[in-house]
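Structure assessment
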Amino acid sequence: MSYVQKVLDNLKKTNPNEPEFHQAATEILTSLEPMVNAHPEYEQAALLERFVEPERVVMFRVPWVDDNGKVQVNKGYRVQFNSAIGPYKGGLRFHPSVNLSIIKFLGLEQILKNSLTGLPIGGGKGGSDFNPKGKSDREVMAFCQSFMTELYRHIGADTDVPAGDIGVGGREIGFLFGQYKRIRDEHVGVLTGRGLSYGGSLARKEATGYGLVYITEEALKMRGDSFEGKTVVISGSGNVAIYACEKAQSLGAKVVAMYDSNGYIYDPAGIQLDVVKDIKEVKRGRIKEYADRVKGAKYTEGCQGIWTIPCDIALPCATQNEINKESAEILVKNGVKFVGEGANMPSTLDAIEVFQKAGVVFLPAKAANAGGVATSALEMAQSSGRLFWSFEEVDAKLKNIMVNIYHNMDNAAKKYGFEGNYVMGANIAGFEKVAEAMMAHGVV
Ligand code: NDP
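These numbers come from a predicted model, not from an experiment.

Section: a nonpolar patch on the surface
A cluster of nonpolar side chains, contributed by Val 65, Val 71 and Val 73, occupies part of the molecular surface with about 250 Å² of accessible area. Mapped onto the elements of the fold, Val 71 is located in strand S2 (residues 71-82).

What to know about the site of the ligand
What surrounds the ligand is a group of 26 residues, the closest being Asp 165, Thr 208, Ser 261, Arg 286 and Asn 344. At a separation of 3.1 Å, an oxygen atom of the ligand approaches a polar side-chain atom of Arg 204. Residue Ser 237 places a main-chain N or O atom 2.9 Å away from an oxygen atom belonging to the ligand. Compared with its free state, where it exposes 890 Å², the ligand has 85% of that area covered by protein. For the shell around the ligand, the secondary structure elements donating two or more residues are helix H8 (204-221) and helix H9 (239-250).

Brief notes about the layout of surface pockets
Put simply, the second largest pocket is a space of about 340 Å³. Of the residues in the lining of the second largest pocket, the class split is six nonpolar, seven polar and four charged.

Looking at the side chain of Asp 66
The residue Asp 66 is located in the loop between strand S1 (56-65) and S2 in this model. With near-sequence residues (within four places) excluded, Asp 66 lies in contact with Gln 72, Arg 138 and Glu 139.

A few points about the domain arrangement of the protein chain
When cut into domains, the protein chain gives domain 1 (54-190) and domain 2 (205-368). Distance between the C-alpha centres of domain 1 and domain 2: 27 Å. Every contact between the two is made by 13 residues of domain 1 and, on the other side, 11 residues of domain 2. For the pairing of domain 1 and domain 2, the buried interface totals around 1000 Å² over both sides, and the portion due to carbon and sulfur atoms is 49%. Across the contact surface, domain 1 and domain 2 share one salt bridge. Lys 366 is the salt-bridge partner of Glu 109, the closest N and O atoms lying 3.2 Å from each other. For the pair domain 1 and domain 2, the number of links is four residue pairs in polar contact (both at pLDDT 80 or more). In terms of residue count, the dominant contributor to the side of domain 1 that touches domain 2 is helix H5 (residues 100-116) (seven residues).

Side note on the side chain of Thr 117
Its location among the elements puts Thr 117 in the loop between H5 and strand S4 (123-128). Look past the residues within four positions of Thr 117 in its chain and what remains in contact with it is Ala 370, Val 373, Ala 374, Ile 401 and Ile 405.

Details of the nonpolar core
Leu 29, Phe 51, Ile 215, Ile 234, Tyr 290, Leu 363 and Phe 431 are the most contacted members of the largest nonpolar core, which totals 94 residues. Sort the elements by how many residues they give to this core and helix H17 (residues 422-440) lands first, with 10 residues. Two domains share this core, each providing at least three of its residues, namely domain 1 (54-190) and domain 2 (205-368). Sequence-distant contacts of Ile 215, defined by excluding residues within four places in its chain, comprise Leu 363, Ala 367, Ala 368, Met 402, Ile 405, Tyr 406 and Met 409. By size, the runner-up hydrophobic cluster in this structure holds 24 residues, among which are Val 62, Leu 92, Phe 94 and Met 148.

Observations regarding empty space enclosed by the protein
For the structure on display, the rule yields one cavity of 30 Å³ or more. Of the voids in this model, the largest cavity is the one considered here, and its volume is about 40 Å³. If you trace the largest cavity, you find it lined by Glu 27, Glu 109, Glu 341, Met 345, Ser 347, Ile 352, Pro 364, Ala 365 and Lys 366.

Considering the pairing of strand S8 (residues 263-266)
Summarising the sheet, strand S7 (residues 254-259) and S8 pair through three bridges and their orientation is antiparallel. If you follow Met 258 over to S8, its bridge partner there is Ile 265. Hairpin geometry of S7 and S8 is characterised by an intervening segment of three residues between the two adjacent antiparallel strands. Pairing of S8 with strand S9 (residues 298-301), which is carried by four bridges, proceeds in the antiparallel orientation. Each residue of the ladder has a partner; that of Tyr 264, found in S9, is Thr 300.

Criteria and thresholds
- Residues numbered from 1 in each chain as written.
- Predicted model: local features only at pLDDT ≥ 70, side-chain atom pairs only at ≥ 80, totals over all residues.
- Heavy atoms only, no water.
- Patch = residues over 30% accessible without salt bridge, like charges linked within 9 Å, V, L, I, M, F, W, Y side chains within 5 Å.
- Areas by Shrake-Rupley, 256 points an atom, 1.4 Å probe, with all protein chains shown as cover.
- Salt bridge = Lys/Arg side-chain N within 4 Å of Asp/Glu carboxyl O.
- Helix = DSSP H or I, 4+ residues; strand = E, 2+ residues; numbered from the N terminus.
- Near = heavy atom within 4 Å.
- Polar contact = N/O pair within 3.5 Å; in protein donor to acceptor, adjacent residues only side chain to side chain.
- 1 Å grid on protein atoms, 1.4 Å probe; cavity = no way out; pocket = protein on both sides within 12 Å on 5 of 7 lines; lining within 4 Å.
- Points joined across faces, edges and corners; volume = space filled by probe spheres on them.
- Nonpolar A, V, L, I, M, F, W, Y, C, P; charged D, E, K, R; others polar.
- Contact = heavy atoms within 4.5 Å.
- Domains from an automatic or database assignment.
- Buried area = accessible area lost by both parts, 1.4 Å probe.
- Core = buried A, V, L, I, M, F, W, Y, C linked by side-chain atoms within 4.5 Å.
- Buried < 20%, exposed > 50% of the residue type's maximum accessible area, 1.4 Å probe, protein only.
- Pairing = 2+ DSSP bridges.

Next up, the structure:
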């Protein structure tokens, strides 16, 4: 049995009931196999066993009082996965589906994603099963303050720097930062995605969506093509989806569909993004309203149907496992040529296989959505240097990082004889630096 297979078998045995973690580890480790085989010293050093074991897992109780005076209790998590190349870095997710398996899959992915950006950041992830949807601002604040009252002792500007993710946007980061500052009496870059008035970076809000489009644009460019005139389907209507839509439209693409967790809108004339922003960012409403406001648009209950809409480019930007094998087959049948993952692990393993077999250019999440964390690292650099860069400066750096990521993963795939397999290329390119640093640090 190969070294990789042994590590995977043991991981599944010793971490039972963690299907998302198993899925991410399987995708990563199997694609690292050619590289690991070329480095027999890794097995002697138990490098993979250490790589898949978080350095630290913190789980805690988060009690808070709702608007009816009733005490509520949620679970809080922070997984500090790997600090070989820099302080732990990765978002916080507030969603009822959050559990240890999901946080660990996200944390493991984050290690390689952060390495791929070329910036000195390690991997971590955290969150809670708290659902901000439908809560008042006061309830969200009460929850965030309680969450930070425990989390503050584990994080720091040079130790661990959380950011947003699903359910954690500007409002939540503000409440979390306020409580950290109050407890620690320190105004430091301990969270990214902060508001511009208290240390945030211009272009951070746009970064993940823009970055996704920049890397897809580079993949198109390398094939003599562009976004101009392409039909695009984007799932989700949150932070990543909205700014992916904005950038794709500015490059001449027609985005025809988006969704939230209730259902999807199809607008053959092209999505009017100002309406989506008003519904989702201003009113925190449901995407269904779009069809009431825009003539010719249609709303359909349920999410999966979005992948039956013919498109040239699909950008899944909502959540994990939103494209399964069947949806992938329909997309291929309808002529999709590029799939760029804005969300983390939106495609199941068998969906990825369908895309790769069909010759679809598949840009995996850890490369395609790395623009968010890359810009977070730029926010950290501005914080520690007491600097404030213009939107154009940050955006130019972001674009440069995404173009580099594309070529790094392309080269890594070629180096091991798997040209065009970006899952493999991204995993190997990300792992090379982490492995080198871990080997240099000795047995830690
Ligand atoms: P948001 O909370 O802003 O938006 C999430 C969107 O996805 C919403 O439209 C939400 O719908 C929808 N959604 C969430 N869960 C489900 C579900 N189970 N089924 C269907 N739709 C769902 O999150 P982000 O845009 O920040 O994050 C989206 C994805 O991108 C996540 O996978 C995240 O990990 C990843 N990501 C985010 C980064 C960032 O900078 N924000 C960086 C890198 C990756 P509804 O409104 O109904 O809940």
